[in-house]
Amino acid sequence: MSQHFKETPQNAITDSGIARVIPCKELDVGDPIKWLSLGFQDLLKTPLLSVFYGFLFAVVPWLISFLVAMTGWHLIILPSIVCFMLIGPFLAAGLYDISWEHEKGHKPTLSHSLRAMRRNAVNEWGFGILLMILMIFWLRVASLIHALYPQHQIESLESLMPFLILGTGVGALFCIGMFFVTAFTQPILLERKVDLATAVMTSVNAVWVNKVPMFIWAGIIFSLVAIGFVTGFIGFIVLMPLLGYASWHGYIDTIETKRERDYV
């Protein structure tokens, strides 16, 4: 992976003045596959820790589905998602720490990965709250689209097409925006004690500069998450740690880091 980074090309993001933008490099289209391979190596090195975190990621969607099926109360989905959005970044930080320890030649431990969750706790919580707000916003928009569509028109696939096209289009735009915001924000907050605005703007800029490789990476993430759902969330036990480790290697390969070899 590259150890040298050119100065970030000037664009509307770097010139916005909202926050500092950490330099990034231009990626090759094959880099996402390399990240996945490196992540798989980390998974094989620490199978027990990986299963521990993977189990936590698998339990949450399973628990939501179980509660909905048991109570028939679909309103429980929203508070459950909100809670997951708040704790998700901290779980991901534990996975990133494991890969970081491998990179430094250390032996990863559960206690060390748990301590990493509070290394930049204030901004980690801020990131969780940001994800929560974005998710609630999307749920409200989706509800609005559904409420405004005349129910009496849902008689055939043809009559349903405008609704499906609108919902899919809005959902796709939201997912793209979320990917720009979240692609590298979390590992930046772990490796660098920077503010949330700097991490978010750096992530947005890195994705913008590397549209094609990051589009491929987004496709890989979507595919693995889809497999996790198809397998009844059991696949998340392996797939979520794999994505976490690969995301860390993607960060190291894309964003200029401090390379703090003495981090403990």
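A short tour of the structure in this document, coming up. (Residues numbered from 1 in each chain as written. Predicted model: local features only at pLDDT ≥ 70, side-chain atom pairs only at ≥ 80, totals over all residues. Heavy atoms only, no water.)

## Examining the overall build of the protein chain
For the protein chain, the helix and strand inventory stands at 10 helices and 0 strands. For the protein chain, the α and β elements follow one another from N to C terminus as α-α-α-α-α-α-α-α-α-α. For the protein chain, the residues scored as buried account for 47% of the 264 residues in total. In the protein chain, the share of contacts with a sequence separation of at least 24, taken over all contacts with a separation of at least 6, comes to 77%. For the protein chain, the exposed surface amounts to about 13800 Å²; the carbon and sulfur share of it is 72%. (Helix = DSSP H or I, 4+ residues; strand = E, 2+ residues; numbered from the N terminus. Buried < 20%, exposed > 50% of the residue type's maximum accessible area, 1.4 Å probe, protein only. Contact = heavy atoms within 4.5 Å. Areas by Shrake-Rupley, 256 points an atom, 1.4 Å probe, with all protein chains shown as cover.)

## A short note on unusual backbone geometry
A positive phi angle, near 75°, is found at F233, a position not held by glycine. If you trace the backbone, F233 turns up in the loop between α9 (211-230) and α10 (236-254).

## With respect to helix α1 (residues 31-45)
Helix length check: α1, at 15 residues, gives a terminal C-alpha distance of 21 Å against a target of 21 Å (1.5 Å per residue), a fit within 8%. Those residues of α1 lying buried are D31, P32, W35, G39, D42 and L43. All buried residues of α1 fall inside an arc of 125° around its axis, so they share one side. Summarising the geometry of α1, the exposed residues directed more than 90 degrees from the buried face are I33, L44 and K45. (Expected span 1.5 Å × (residues − 1). Arc of directions from axis to C-beta.)

## Side note on the pattern of salt bridges
Under the counting rule described, the total for this entry stands at 5 salt bridges. As a salt-bridge pair, K34 and D253 come within 3.0 Å of each other at their nearest N and O atoms. Placement of K34 in helix α1 and of D253 in helix α10 is noted, with a sequence separation of 219 residues between them. Classification of K34 by relative accessible area gives partly exposed; the value is 30%. If you follow the salt bridges from partner to partner, you end up with K25, D31, K34 and D253 in one network. (Salt bridge = Lys/Arg side-chain N within 4 Å of Asp/Glu carboxyl O.)

## Quick notes on α10
Compared with an ideal rise of 1.5 Å per residue, which puts 19 residues at 27 Å, α10 spans 25 Å between its outermost C-alpha atoms and is within 8% of the ideal. Of all 19 residues in α10, 17 are buried, a share of seventy percent or more.

## A word on a nonpolar patch on the surface
A surface patch of nonpolar side chains, amounting to about 400 Å² of accessible area, comprises V29, V212, F215 and I216. Relative to the elements of secondary structure, I216 occurs in helix α9. (Patch = residues over 30% accessible without salt bridge, like charges linked within 9 Å, V, L, I, M, F, W, Y side chains within 5 Å.)

## Let's talk about the packing of α9 against α10
Across the interface, α9 lies against α10 with an axial gap of 9 Å and an inter-helix angle of 165°. Accordingly, the angle class assigned to the pair α9 and α10 is roughly antiparallel. In this structure, the crossing between α9 and α10 has a hand that is left-handed. For the pair α9 and α10, the contacting residues are W217, I221, L224, V225, I227, G228 and F229 in the first and F236, L239, L242, L243, A246 and S247 in the second. For the contact of α9 with α10, a count of residues per class yields 11 nonpolar, 2 polar and no charged. (Axes fitted to C-alpha atoms, helices over the stretch in contact; angles between N-to-C directions. Parallel < 35°, antiparallel > 145°, perpendicular 65-115°, else oblique. Left-handed = near helix turned anticlockwise from the far one by under 90°. Nonpolar A, V, L, I, M, F, W, Y, C, P; charged D, E, K, R; others polar.)

## Some points on the packing of aromatic side chains
A complete count under the given rule lists 8 aromatic pairs for this structure. Judged by centre distance (5.2 Å) and plane angle (80°), the rings of F52 and Y53 are edge-to-face. Geometrically, the ring pair formed by W100 and W248 is tilted, given 5.3 Å between the ring centres and 35° between the ring planes. Linking W100 in helix α3 (residues 77-103) with W248 in helix α10, this pair joins segments that are 148 residues apart in sequence. Grouping residues by exposure puts W100 and W248 together as buried. These aromatic residues form a ring-pair network of at least three members: Y96, W100, W248 and Y251. Taking the ring centre of W100 as reference, the NZ or CZ of K104 above it sits at 4.5 Å. One residue, K211, lies across the ring of W208, its end atom 3.9 Å from the ring centre. (Phe/Tyr/Trp six-rings, centres within 6.5 Å; stacked < 30°, edge-to-face > 60°. Lys NZ or Arg CZ within 6 Å of the ring centre and 35° of its normal.)

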